[in-house]
Amino acid sequence: MLDLASGSFKLVGTFTFNKNDGYVTDIAANQIGSLYAVTFDDLFSCNDKTASCTWLAALPGTFNGLTFIPEGVVDPLNESLIGVGETGAWNHIQFKNGKANIVKLGQYGGGWLSSGDAFSVVGIGTYATLKGKGSSDSLAEIDPNTGAIKQIVGETGATGLFGLAWWNGVFYAFSSSGTVYTLDVTTGKATPVSGIATPKGAKWWGAGVSTRAAGFGS
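Residues numbered from 1 in each chain as written. Predicted model: local features only at pLDDT ≥ 70, side-chain atom pairs only at ≥ 80, totals over all residues. Heavy atoms only, no water.

Draft legend 1. Up close: the overall build of the chain. A tally of helices and strands in the chain yields zero helices and 19 strands. Across its three principal axes, the chain shows a C-alpha extent of roughly 45 × 35 × 35 Å. Out of the 218 residues in the chain, the part that is buried amounts to 47%. For the chain, contacts bridging at least 24 residues in sequence account for 47% of all contacts bridging at least 6. For the chain, the accessible surface area stands at approximately 10,200 Å², while carbon and sulfur atoms represent 53% of it. (Helix = DSSP H or I, 4+ residues; strand = E, 2+ residues; numbered from the N terminus. Buried < 20%, exposed > 50% of the residue type's maximum accessible area, 1.4 Å probe, protein only. Contact = heavy atoms within 4.5 Å. Areas by Shrake-Rupley, 256 points an atom, 1.4 Å probe, with all protein chains shown as cover.)

Below, the structure is given as structure tokens:
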């Protein structure tokens with residue numbers, strides 16, 4: 001966990017699973033902060049204080065990005081869990097009684113691929129890290145209903161941005177190399193965060209932030 005108040009990372013725990021051990025490819029948090037995770041094969045709910053995970057459903061596909069979309073967008077009454085495929089497919093994950101139903105809502109399009117993450121925060125918008133064009137990953141604003149690109153904010157100058165989050169007016173990106181960046185919301189440019197020590201050997205494979213991170217509706 002990145003504690004921005006103290007400017008440091010705090011180890012919550014190592015992911016453990018009650019069924020079907022795997023490698024977590026991304027996490028997502030809903031409006032009340034409940035944590036979910038996907039591996040290459042399965043969907044889990046996880047305790048955000050212990051990192052122990054409970055199996056929910058097998059997945060028919062693999063996702064390298066995961067986020068919740070606020071209620072009233074894809075579903076008029078409920079938040080929607082979105083899985084992003086590496087090809088840029090935007091999928092609504094519905095799960096019940098150990099089974100997951102995947103509804104493809106759309107695609108990034110234009111030859112863009114998923115670098116590895118997306119977030120959607122009420123009052124801020126829906127954003128993702130993309131790859132496939134240019135020499136580095138790009139930041140894009142996304143239509144949460146379809147996954148279509150609304151605008152390419154800009155090329156970041158960094159690669160392997162597998163985690164993306166927002167907090168208190170700042171975009172954060174987490175690299176598979178272990179570097180944490182802030183992203184300029186007008187240009188997309190990535191700047192390494194100074195003053196926050198990354199745990200030795202850390203390689204970020206995702207990030208999660210609540211859809212109510214901006215405080216709306218709280």
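Draft legend 2. Representation of unusual backbone geometry. Of note in this structure, Asn20 is not a glycine but carries a positive phi near 60°. If you trace the backbone, Asn20 turns up in the loop between strand S3 (16-17) and strand S4 (26-29). Phi at Asn168 takes a positive value of approximately 55°, unusual for a residue other than glycine. Residue placement: Asn168 occurs in the loop between strand S16 (161-167) and strand S17 (170-175). Under the relative-accessibility criterion, Asn168 is labelled exposed at 66%.

Draft legend 3. Structural view of the packing of aromatic side chains. Enumeration over the complete set of coordinates arrives at eleven aromatic pairs. Between Tyr36 and Phe68, the aromatic rings sit 5.4 Å apart at their centres with planes inclined by 65°, giving edge-to-face as the arrangement. Here Tyr36, found in strand S5 (residues 35-38), pairs with Phe68, found in strand S8 (residues 65-69); they are 32 residues apart in sequence, far enough to count as distant. The same class applies to Tyr36 as to Phe68, namely buried. Grouped by ring-pair contacts, the aromatic residues Phe9, Phe174 and Trp204 constitute a single cluster. When the ring centre of Trp55 is taken as reference, the NZ or CZ atom of Lys19 above it lies at 3.7 Å. (Phe/Tyr/Trp six-rings, centres within 6.5 Å; stacked < 30°, edge-to-face > 60°. Lys NZ or Arg CZ within 6 Å of the ring centre and 35° of its normal.)

Draft legend 4. Structural detail: the sheet that holds strand S12 (residues 113-121). The strand order across the open sheet formed by four strands is S12-S13-S14-S15, and the pairing between neighbours is antiparallel. The sheet is open, and its two edges are formed by S12 and strand S15 (149-155), each paired on a single side. Taking the axes of each pair of neighbouring strands and ignoring which way they run, one obtains an average angle of 25° across the sheet. (Pairing = 2+ DSSP bridges. Axes fitted to C-alpha atoms, helices over the stretch in contact; angles between N-to-C directions.)

Draft legend 5. Geometry of the pairing of strand S7 (residues 52-58). Relative to S7, S3 runs parallel, the two sharing two bridges. Note that in S7 the partner of Thr16 across the bridge is Ser52. Linkage of strand S6 (residues 42-46) to S7, two consecutive antiparallel strands, is achieved through a turn of five residues, within which Ala51 is found at a positive phi near 70°.

Draft legend 6. Examining empty space enclosed by the protein more closely. The full count for this structure, using the stated rule, is one cavity of 30 Å³ or more. There is about 40 Å³ of room inside the largest cavity. Lining the largest cavity, in full, are Ile27, Ala28, Ala29, Leu66, Thr67, Phe68, Ala118, Phe119, Leu164, Ala207, Gly208 and Val209. Those elements that place two or more of their residues in the lining of the largest cavity are S4, S8 and S12. When its residues are assigned to classes, the lining of the largest cavity shows ten nonpolar, two polar and no charged. (1 Å grid on protein atoms, 1.4 Å probe; cavity = no way out; pocket = protein on both sides within 12 Å on 5 of 7 lines; lining within 4 Å. Points joined across faces, edges and corners; volume = space filled by probe spheres on them. Nonpolar A, V, L, I, M, F, W, Y, C, P; charged D, E, K, R; others polar.)

Draft legend 7. The arrangement of the state of the cysteines in detail. Scanning the entire structure with this criterion turns up one disulfide. Between the sulfur of Cys46 and that of Cys53 lies a disulfide, 2.2 Å long from S to S. One disulfide, between Cys46 and Cys53, carries an S-S torsion of 105° and so falls in the right-handed class. Neither Cys46 nor Cys53 differs from the other in exposure class; each is buried. (Disulfide = S-S within 2.5 Å.)

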